[in-house]
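So you can see what is in the structure, the chains are spelled out below.
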Amino acid sequence: MKLVVTLLVLSLTVSVGEKNKLSPRIAGGYRAKTFTIIYLVGIVFFKSQTSSLNYGAGTIISNQWILTVKTVLKYSYIEVHLASRRSYRGFDIIRIYRENFRFHYDKDHVIALVKCPYQKFDRRMGRVRVPAYDARFDRYVGNMTVVCGYGTEKRHAKLPEWMRCIEVEVMTNTECAKYYTPLKWYEMCTSGEGFKGVCEGDIGGAVVTMGPSPTFIGIIWLMPENCSSGYPSVHIRVSDHIKWIKYVSGVGF
């Protein structure tokens, strides 16, 4: 396993159906408190040393595994920023090469895992639990979630100096399909009510339930073209991939 140091931004424009355009970018949020969102890591990816940087995120699910999306794993390596308030300035920075990337066997699925050197957890860094196997059919509709990221509040803006979070409700895919269609069966949506949403640089981050037993239920995937438009944000549902996550990483069940 090769290792070293860096972070990521993401500028991606995708079309979901014909109703609205989406692109991965947190808008309408608040600054995260220190040592609260300790499971999020910044990811920086770039084609070469002279090319522009791209930024995203991943979520720690064990001492050696990070869950994210394959969009941030498009090049030969990534730089992962651990225990970081900013996407590009981690307390620890490691370079992880493609040989440690794990992609879903179905190429239509964008979920991905990254194996990293063993990390000792402390007050700055820790994991968040994935859904239990018995909850694999749970849609989590109506649950309030905290969604955090390192991204901008609007497109093409300067990256913030601090991680930001929003608190949003999981909505039904039927309701979400009024904005974006068609949705894939493994996608889920959070409400954009209050003009809250994910934005540029947030892709790969976590959607986590609020309450006494926080659970990692979604991976940030697609967002409205206008981050603060009030439209829903689209995520990859973790519970629909729990068997694959367990098979590859041993995490879960």
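For the structure, see preceding data.
So, here is what we can say about the structure in this document. On a predicted model such as this, the values are computed, not experimentally measured, just so you know.

### Some remarks on unusual backbone geometry
Here is step 1: Unusually for a residue other than glycine, Tyr 140 sits at a positive phi of about 60°.
Here is step 2: Turning to its location among the elements, Tyr 140 is positioned in the loop between strand E10 (111–115) and strand E11 (144–149).
Here is step 3: Judged by its relative accessible area of 10%, Tyr 140 falls in the buried class.
Here is step 4: We note that Phe 195 has phi near 60°; this positive angle belongs to a residue other than glycine.
Here is step 5: By the element assignment, Phe 195 lies in the loop between strand E13 (187–190) and strand E14 (206–209).
Here is step 6: When its relative accessible area of 53% is taken as the criterion, Phe 195 is described as exposed.

### Description of the pattern of salt bridges
Opposite charge on two side chains permits pairing when their charged atoms draw close.
Here is step 1: Within this structure, the stated rule accounts for five salt bridges.
Here is step 2: We note a salt bridge from Lys 178 to Glu 175, for which the minimum N-O separation is 3.0 Å.
Here is step 3: What makes Lys 178 exposed here is its relative accessible area of 54%.
Here is step 4: What makes Glu 175 partly exposed here is its relative accessible area of 32%.
Here is step 5: Residues joined by salt bridges that share partners form a network here, namely Arg 139, Arg 237 and Asp 240.

### Focus: the environment of Phe 253
Here is step 1: With respect to the helices and strands, Phe 253 occurs in the segment after helix H2 (242–249).
Here is step 2: Classification of Phe 253 by relative accessible area gives exposed; the value is 54%.
Here is step 3: Taking C-alpha positions, Phe 253 is 8.1 Å from Pro 131, a pair spaced 122 residues apart along the chain.

Thresholds, definitions, all that
Residues numbered from 1 in each chain as written. Predicted model: local features only at pLDDT ≥ 70, side-chain atom pairs only at ≥ 80, totals over all residues. Heavy atoms only, no water. Helix = DSSP H or I, 4+ residues; strand = E, 2+ residues; numbered from the N terminus. Buried < 20%, exposed > 50% of the residue type's maximum accessible area, 1.4 Å probe, protein only. Salt bridge = Lys/Arg side-chain N within 4 Å of Asp/Glu carboxyl O.

So far we have only geometry, and geometry alone does not tell us how the molecule works.
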